[in-house]
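These are the residues of each chain, in order.
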Amino acid sequence: MQKMILRSFLLGMLLCIKASYVHAVTLSPKATVYLLTIAPGSDLYSTFGHTALWIQDPELRIDNVYNYGTFSFGEPTLVGQLSFGVKFARGKLPYMLSIHGMEPLVYSSQRDNRSVIAQRLNLSDDQKNKLFDLLQENYKPENRFYRYDFFYDNCTTRVRDMLQKVCGDDLRYGTNIETLTYRQWFDRYAGQLPYADMGMDLGVALPGDHVATPYESMFLPDNLMKLVAQATIVRNGKIEKFETANMVLFQATEVPVEQTFLTPAVLFWILFGLGILLTLWQWRGTGRQFWVDAIFFSIIGLLGWILLLLWVGTDHQATIKNWHLVWAWPLHLPIAMWLLKKNKPHWLRLYFLTYLGVLILLLLGWKLVPQELDYELIPLVLLLALRSGFLVYRLRLSLKQAS
């Protein structure tokens, strides 16, 4: 028992000494700091690329890559994966700073065919040590976790802000970059995944249409890399380039992007065409059931509830004030279920008549809405208007027959 206590005491002392040593290290004059940019990949999680910091010191044998984009997928069980999905959707998924060597990063980039570019940064010895100390302090268990936010607090903005904190006003990032909104920036990257792009367009609300300043545009790794290449820093009273070297650690092979015919726009136009055929068939009196509309409007209502919960039930800043709720009206679920009742209430016709009026106003003022609405959604909204108008007609006939 005494031996176990002694071993535990010695182990604790060693850990304390190691921790103290890590934070007491002073980098040698040969230390170098690199900004690492990993190109976008083909998977959804890698669509926008990645950023990290790399600190090398050959004298102290330090070769650390500091990565703010680490998270856990959770337990490989159904409950674990559901928990991961819920946390991600609610904006409560904890991301963290991790430290690893360069080899694993290059290996994973080669495996995923993603280029890796290193920019050596023009930092003084004091700035290198300040950056190293801040990163090591960030790596403490009580500091390493943070709440990820796609636009405002991610692996790239953390590095951008850390470099600014270390250099202060001496560092001036470049400003020569396109003027785009947050939405236009992510559309440029997510366009190769049309359904994911559509999903993001639906979820990202009014804040996504804010025109990003050059500093704000550095929420994307490629933009940070470009503006660091343009950046200047004051050293000994002189203005110098912030990037002193640029190295390609791995060059990905170019792979042609596979184009899919069945894009969301094509799918919605097909649905609109089917909706016209269904309406003509029912107009001729061949089909009298309401179950198709009950299902259709319930699905739209479910989408509305999801968008509403992203607004009021999550920590995401980009999902508030979502104008898609004008057409994806949450109350369709459960109100659409009243269509399945034999004796339909009189107010149901007024409900769909009001909704039809709202859709007509939306279609007429599509460009006047403060939030950018994707034109690919127009055939879907037209289908909603068509079926709403036809429901008003059929409900009037149904109420007449009932009376």
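Refer to the preceding data block for the structure.
Basis of the calculations
- Residues numbered from 1 in each chain as written.
- Predicted model: local features only at pLDDT ≥ 70, side-chain atom pairs only at ≥ 80, totals over all residues.
- Heavy atoms only, no water.
- Helix = DSSP H or I, 4+ residues; strand = E, 2+ residues; numbered from the N terminus.
- Buried < 20%, exposed > 50% of the residue type's maximum accessible area, 1.4 Å probe, protein only.
- Areas by Shrake-Rupley, 256 points an atom, 1.4 Å probe, with all protein chains shown as cover.
- Phe/Tyr/Trp six-rings, centres within 6.5 Å; stacked < 30°, edge-to-face > 60°.
- Core = buried A, V, L, I, M, F, W, Y, C linked by side-chain atoms within 4.5 Å.
- Contact = heavy atoms within 4.5 Å.
- Polar contact = N/O pair within 3.5 Å; in protein donor to acceptor, adjacent residues only side chain to side chain.
- Pairing = 2+ DSSP bridges.
- Axes fitted to C-alpha atoms, helices over the stretch in contact; angles between N-to-C directions.

Before we go on, may I ask you to explain the overall build of the chain in this structure?
Along the backbone of the chain there are 13 helices and 10 strands. Counting only residues that meet the buried cut, the chain has 44% of its 403 residues in that class. Accessible surface computed for the chain: about 22200 Å², of which carbon and sulfur atoms make up 63%.

Could you clarify how one ought to interpret the packing of aromatic side chains in this entry?
Centre-to-centre distance and the angle between the planes together describe a pair of aromatic rings. Overall, the coordinates contain 25 aromatic pairs when judged by the stated rule. Where F297 meets F352, the ring centres are 5.2 Å apart and the plane angle is 70°; that geometry is what we call edge-to-face. One end of the pair, F297, is in helix α10 (residues 291-312); the other, F352, is in helix α12 (residues 347-364), with 55 residues separating them in the sequence. Taken as a pair, F297 and F352 share a single burial class, namely buried.

Quick question: what am I supposed to make of the nonpolar core here?
One broad rule of soluble globular proteins: the nonpolar side chains tend to lie buried together. If you look at the biggest cluster of nonpolar residues, it comprises 49 residues, and the most contacted ones within it are L131, L163 and F242. If you list the elements that add at least two residues to this core, you get β1 (32-38), β2 (50-57), β3 (62-70), β4 (94-100), α4 (125-138), α5 (155-167), α6 (182-190) and α8 (221-230). If you tally residues by element for this core, the top one is α5, at six residues. Ignoring any residue separated from it by four or fewer positions in sequence, one finds F242 in contact with R120, L121, N122, L123, L163, C167, L171, V228, A231, T232 and I233. Counting residues in each nonpolar core, the second largest holds 36 residues, with W327, Y355, L359 and A385 among its members.

How do you make sense of unusual backbone geometry when you look at a structure like this?
Excluding glycine, residues mostly have negative phi values, and the peptide bonds linking residues are mostly trans. For N113, which is not glycine, the phi dihedral falls at a positive 55°. Relative to the assigned elements, N113 resides in the loop between α3 (102-112) and β5 (116-121). A residue is classified by how much of its surface remains accessible, and N113, at 25% relative accessible area, is partly exposed.

Quick question: what am I supposed to make of the side chain of N322 here?
Following the sequence through the fold, N322 ends up in the loop between α10 and α11 (332-335). There is a polar contact of 2.7 Å between the side chain of N322 and the backbone oxygen of L202. A polar contact is formed between the side chain of N322 and the side chain of Q371, at a distance of 3.3 Å. Setting aside residues no more than four positions away along its own chain, N322 makes contact with L202, G203, A205, L307, W311 and Q371.

Would you explain helix α7 (residues 194-203) in this entry?
Helical periodicity: at 3.6 residues per turn, an α-helix aligns residues three or four positions apart in one direction. Those residues of α7 lying buried are D197, M198, D201, L202 and G203. Residues of α7 that are buried make contact with α6, α9 (264-283) and α10.

Help me understand the sheet that holds β1, please; the structure alone is not making it clear to me.
To summarise the sheet geometry, strands pair through backbone hydrogen bonds and adopt either a parallel or an antiparallel arrangement. One open sheet holds the seven strands; their spatial order is β6-β4-β3-β2-β1-β5-β10, and the pairing between them is antiparallel. Each edge of the sheet is formed by a strand with only one pairing partner; in this case those strands are β6 (145-147) and β10 (243-250). Mean inter-strand twist for the sheet, computed between neighbouring axes without regard to direction, equals 25°. Direction of pairing for β1 relative to β5: antiparallel, over a ladder of five bridges. The residue of β5 that forms the bridge with Y34 is R120. In the packing of α3 onto the sheet, the strands contacted are β1, β2, β3, β4, β5 and β10, and the crossing angle to β1 comes to about 20°. On the sheet, α5 packs against β1, β2, β3, β5 and β6 and is oriented at approximately 45° with respect to β2.

Would you mind going over the pairing of β2 with me for this structure?
Here is the key point about a regular strand: its side chains alternate between the two faces of the sheet. Most of β2 is tucked away, with seven of its eight residues classed as buried. Summarising the sheet, β1 and β2 pair through seven bridges and their orientation is antiparallel. Bridge pairing in β2 places I38 opposite H50. With five bridges connecting them, β2 and β3 associate as antiparallel partners. Bridged to Q56 within β3 is D63. Joining the antiparallel neighbours β2 and β3 is a turn of four residues, in which R61 adopts a positive phi near 55°.

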